[in-house]
Amino acid sequence: METQNSDVMEAVNASGESTLEKAKARALAEFDQLMNVSLNIAVTGNTGSGKSSFINALRGLSDDDEAAAPTGVTETTVEVTKYEHPGMQNVKIWDLPGIGTPNFKANKYLKEVKFDTYDFFIILSSERFRENDIMLAKEIKKKKKNFYFVRSKIDNDISSEQKKKGFDEQKVLSKIREDCKNNLKEMGNPNIFLISSFELEKYDFEKLRNTLEADLPSHKRSALLQAWPVCSAESLEQKIKFFKGIIWVASLASAGIAVIPVPGLSVACDAAIVFSFFIRCYYAFGLDDGSLTRLSEKVNISLTEYVAKSKIASAIREKTMSRIQVSSTLAWLASAEYVMSLVPIAGSVAAAGLSFSTTMYILREGLNELAEMAREIRKVAGLDVVCDNS
């Protein structure tokens, strides 16, 4: 981070507009990649495997939400269906029909579902993995893409076993894992992830994310981290750390705009960057209505009232940043930038430096506000809490 900050200061203190504009262009490109790099996740499994509930969980939705993937005991996926993440349109989750269904025969499956579209495949099963699952995994492996076996509905298994004498949860989980591995001997010794789409904080949901992140190309990891639902205090802190780390990029991306002497131009562009940054934090931290409703139902506590305490969260819900745009800080910034931008080169660079510093301050303060609110909500919900030691 020290190297990044020195690069920022070098750009801001540069003695010419061209250096500043080049630095701004690089920052804009990096910010755009961090915010908008595409990630396409394929989820497949047979009828009753829990695909739709898993997809809804990844999107922070309950099964009965209006935008949720339809669930049912019969085959609800008859064609490839795309679901966008509610707050991150660059992340798409694709619901693929189970291999071997009438319209998707095994020998033509990968071609018909457009194999090259996806970054990786999740093969879901609520019981044993079948011959078709293995066949699909082998074909994916041949084409050099990653696949992951996910055993779903673990909460149902645990609930059923709890009624028996001598119940031991760890023994039950070990038995399920070994049973899955025995059915997948042909695949060597693959990882099996045991998950519940309704209890994300339990079992292997976080382990699955860590594995996916490790396997993804570096430029795709930020998309996964931002989109993956908060399922532990540690995962929330990872997200917070990520956004703290890119504040300098967003700030520098806005800094060069002041070289053009047009009143209000820099502030308008600053606000657009600020707004997109905060919206991404809002969804990544699970502060959106869908995520909060899902969590409220789980812990039987109303949590939406806590969002109203934050001006930034309220502005996002109302889809306006007017409260931030008309703040005294930005109003002062607009006039100061305009005056300095009238002075050739030196004035423009000074105005850019002012824009950079002010934007960084606003982003830091706003991020801290949203982070503290997310921590408070987890605490009220009775979930684990990790203190910020940074």
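The preceding data block contains the structure.
Note that this is a predicted model, so its numbers are computed, not measured. (Residues numbered from 1 in each chain as written. Predicted model: local features only at pLDDT ≥ 70, side-chain atom pairs only at ≥ 80, totals over all residues. Heavy atoms only, no water.)

J.: So what's going on with the packing of aromatic side chains? Which residues, and what values?
T.: Under the defined criterion, the tally for this structure stands at 14 aromatic pairs. On the numbers, 5.4 Å between centres and 15° between planes, the contact of phenylalanine 115 with phenylalanine 121 is stacked. Phenylalanine 121 matches phenylalanine 115 in its accessibility class, with the two residues each being buried. Both rings, one in phenylalanine 243 and one in phenylalanine 277, keep their centres 5.7 Å apart while their planes meet at 85°; by these two values the pair is edge-to-face. Taken as a pair, phenylalanine 243 in helix 10 (residues 233-255) and phenylalanine 277 in helix 11 (residues 265-284) lie far apart in primary sequence, 34 residues in all. (Phe/Tyr/Trp six-rings, centres within 6.5 Å; stacked < 30°, edge-to-face > 60°. Buried < 20%, exposed > 50% of the residue type's maximum accessible area, 1.4 Å probe, protein only. Helix = DSSP H or I, 4+ residues; strand = E, 2+ residues; numbered from the N terminus.)

J.: An account of helix 5 (residues 131-142) is requested, with residue identities and associated values reported.
T.: In this model, helix 5 (twelve residues) spans 17 Å end to end at C-alpha, consistent with the 16 Å of a helix rising 1.5 Å per residue. For helix 5, the set of buried residues is Asp133, Ile134, Leu136, Ala137 and Ile140. Within helix 5, the buried residues cover an arc of 160° as seen down the axis, which keeps them to one side. For helix 5, the exposed residues set more than 90 degrees away from the buried face come down to Glu131 and Lys142. One or two positions beyond helix 5, positive phi appears at lysine 144, with a value near 60°. (Expected span 1.5 Å × (residues − 1). Arc of directions from axis to C-beta.)

J.: Describe the environment of serine 49, and please don't skip the residues or the numbers.
T.: Summarising the element assignment, serine 49 is placed in the loop between strand 1 (39-45) and helix 3 (51-58). On the accessibility criterion, serine 49 (3% relative accessible area) is buried. The spatial distance from the C-alpha of serine 49 to the C-alpha of glycine 98 is 9.4 Å, given a sequence separation of 49 residues. If we skip the residues at most four places from it in the chain, serine 49 touches Leu124, Ser125, Ser126, Ser152 and Lys153. (Contact = heavy atoms within 4.5 Å.)

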